[in-house]
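Report on the structure
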Amino acid sequence: MVRGLLNKLVSRSLSVAGKWQNQQLRRLQHPRVVVKSQILAGGRGLGTFKSGLQGGVHIVKKDQVEDIAGNACPSVMPQLEITLENAWANTSLPNRLVLREKLLARFEIIQSLYQKYASIFSIHVYLCQKLSLVNEMYFAITLDRKTAGPLIIACRKGGTSIEDLAEKFPDMIVKVPVDVFEGITDEDAAKVVDGLAPKGADRNKSIEQVKNLYKLFVDSDCTLLEINPLAETADNQLVAADAKLNFDDNAAYRQKEIFALRDTTQEDPREVAAAKADLNYIGLDGEIGCMVNGAGLAMATMDIIKLHGGTPANFLDVGGNASENQCDVIASGIVNAAKQVALKVPVIVRLEGTNVDQGKRILKESGMALITAEDLDDAAQKAVKAAYK
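Here's what I pulled together on the structure shown here.

**Quick notes on the overall build of the chain**
A count of helical and extended segments in the chain gives 15 helices and 13 strands. Among the 389 residues that make up the chain, the fraction classed as buried is 34%. Put simply, of all contacts in the chain between residues at least 6 apart along the chain, 62% involve residues at least 24 apart. When the accessible surface of the chain is split by element, carbon and sulfur atoms take 51% of a total near 23400 Å².

So this is what it looks like as structure tokens:
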């Protein structure tokens, strides 16, 4: 019953919220439209929705857009259905039949529920005009450790992942490092265009486009600018048919307009919460949680856990702000946190610093089930033993 109501909700939402999109569709010249699911992941074209819809990118006629978009939306329905059923379980209505009739009779009730939970299960599709492409290439700008600056990557073949391209056409991939102080030169841009080898696009205009893309990369504080494919149209125009951009989190203060577009519903909620506390956190699939002071030590901790047969549950760098004479402060923080969350899992603590004895004494006198370790190797062994006993 709930699934049926949700399908009605999606259909109604598409028709109401999509009025503006329908107006835009009528402005597109081509009779066919590209419908793309908007998720923060690559390989959308290879994805499968839980509704059975194959692929996250479809080229359809204009009058098919709503059906395709509607089939894309149920991918979130099972989880949303459970959420709504739990919400409705506490209703004062005598039974589901009465509830169903009231919901059908008053659509605004469903609408309010949708608005309440839409921020958790975002439903976005991107509609764009179908282009007549005659040539597809690959273009990217990233940051290179070896050259300590931006690196432009170009390939005359495009439309698939760079990993596949590197495997199939290694000789076609051109890499052009850019001096971060001098910036991109005409010579640099020309090398990139030669690597792309456009068939009909004007060479001088192509060089200018490459320079403009580099300017975008720098001005927007990008860590990655990938256009795949960078394509030529039938009228010899060079267009970015699809693109992916990543931005430096440290530049958020001066890229406010860009970071205002951030959609946290597409991200791991744990990582979102950690970012709000200025913590560097990445969730993993293991069983042993790690909280470490300093990124280098955090990586070493994960490695040594793996060495002893365990699997890390996360990467967490608490910022590196705790100095070596603060072991007692760290110990007090661990004890207080353990009490607040009603700790139910083993915690192994390894402290090192000038106040290490005070810190260990605080842990021992806390009355909490905290396991102390002498060094990193000892801590990893105890963590693995506690996790898999």
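**Structural notes on the packing of aromatic side chains**
Applying the stated criterion to the full structure yields one aromatic pair. Sitting over the face of the ring of Phe 169, Lys 157 holds its NZ or CZ atom 5.7 Å from the ring centroid.

**Digging into the nonpolar core**
Counting 24 residues, the largest nonpolar core has Phe 139, Ile 152, Val 192 and Val 210 as its most contacted members. At the level of elements, β4 (133–144), β5 (149–155), α8 (186–196), α9 (203–219) and β7 (222–233) are the ones that each hand at least two residues to this core. Contact partners of Ile 152, with chain neighbours within four places excluded, come to Phe 139, Ala 140, Ile 141, Val 174, Lys 175, Val 176, Val 178, Ile 184, Val 192 and Val 210. Judged by nonpolar contacts, the second largest core, of 11 residues, contains Ile 288, Cys 290, Phe 315 and Ala 383.

**Details of the packing of α8 against α9**
For any two helices packed against each other, the geometry comes down to the angle between their axes and how far apart the axes lie. The interhelical angle for the contact between α8 and α9, taken along N-to-C directions, is 110 degrees, at an axis separation of 9 Å. What the angle tells us is that α8 and α9 run roughly perpendicular. In the packing of α8 onto α9, the handedness of the crossing is right-handed. Of the residues in α9, those in contact with Asp 186, Ala 189, Ala 190, Val 192, Val 193 and Asp 194 of α8 are Arg 203, Ser 206, Ile 207, Val 210 and Lys 211.

**Side note on the side chain of Glu 232**
Tracing the backbone shows Glu 232 in strand β7. Lys 199 is the oppositely charged side chain nearest to the buried, salt-bridge-free Glu 232, at an N-O distance of 6.7 Å. Among the polar contacts made by the side chain of Glu 232, one reaches the main-chain amide nitrogen of Ala 201 at a distance of 2.7 Å. For Glu 232, the residues in contact, after removing those within four places along its chain, are Ser 132, Leu 133, Val 134, Asn 135, Met 137, Pro 198, Lys 199, Gly 200, Ala 201, Gln 237 and Leu 238.

**Structural notes on the side chain of Thr 233**
Assignment of secondary structure puts Thr 233 in strand β7. For Thr 233, the side chain forms a polar contact with the side chain of Asp 235, separated by 2.2 Å.

**Quick word on the pattern of salt bridges**
The final tally for this structure, using the stated rule, is nine salt bridges. With a shortest N-O distance of 4.0 Å, Glu 187 and Lys 191 are connected by a salt bridge. Here Glu 187 and its partner Lys 191 are both found in helix α8, four residues apart, which amounts to about one turn of the helix. On the basis of relative accessible area, Glu 187 is assigned to the exposed category, the value being 53%. Measuring nitrogen to oxygen at the nearest pair gives 3.4 Å for the salt bridge that ties Glu 374 to Lys 360. Placement of Glu 374 in the loop between β13 (370–373) and α15 (376–388) and of Lys 360 in helix α14 (residues 356–365) is noted, with a sequence separation of 14 residues between them. The network of salt bridges with common partners includes Asp 186, Glu 208 and Lys 211.

Thresholds, definitions, all that
Each chain has its residues counted from 1, running along the sequence as written. Restriction of local features to residues with pLDDT of at least 70 applies here, the model being predicted, together with a cutoff of 80 or more for giving and counting side-chain atom pairs; totals for whole chains, interfaces and linings are based on all residues. With hydrogens and water stripped out, all remaining heavy atoms of the structure feed into the side-chain values. Numbering of helices and strands runs from the N terminus, with a helix taken as a DSSP run of H or I at least four residues long and a strand as a DSSP run of E at least two residues long. For every residue, the accessible area obtained with a 1.4 Å probe (protein chains only) is divided by the maximum for its type, and the residue is called buried under 20%, exposed over 50%, and partly exposed between those limits. The contact criterion used throughout is that any non-hydrogen atoms of two residues lie within 4.5 Å. Every accessible area reported is derived by Shrake-Rupley at a probe size of 1.4 Å, with residue values counting cover from the shown protein chains alone. The pairing test for Phe, Tyr and Trp rings, Trp by its six-membered ring, is centres within 6.5 Å, and the orientation test on the planes gives stacked under 30 degrees, edge-to-face over 60, and tilted for anything in between. Here, a charge over a ring is recorded when the distance from Lys NZ or Arg CZ to the ring centre is within 6 Å and its angle to the ring normal is within 35 degrees. Only buried Ala, Val, Leu, Ile, Met, Phe, Trp, Tyr and Cys residues count toward a nonpolar core, and they belong to the same one when joined by side-chain atoms within 4.5 Å. Note on geometry: axes are C-alpha line fits, over the in-contact stretch for helices, and angles between N-to-C directions span 0 to 180 degrees. To sort the angles, those under 35 degrees are grouped as roughly parallel, those over 145 as roughly antiparallel, those from 65 to 115 as roughly perpendicular, and the leftovers as oblique. Less than a right angle of anticlockwise turn of the near helix away from the far helix marks a crossing as left-handed, whereas a clockwise turn marks it as right-handed. Positive: Lys, Arg. Negative: Asp, Glu. His and the chain ends are not part of the count. A carboxyl oxygen of Asp or Glu within 4 Å of a side-chain nitrogen of Lys or Arg is what we treat as a salt bridge. Any N or O atom pair separated by 3.5 Å or less is treated as a polar contact, with the protein-specific requirement of one donor-capable and one acceptor-capable atom, and with residues adjacent in sequence counted only for side-chain atom pairs.

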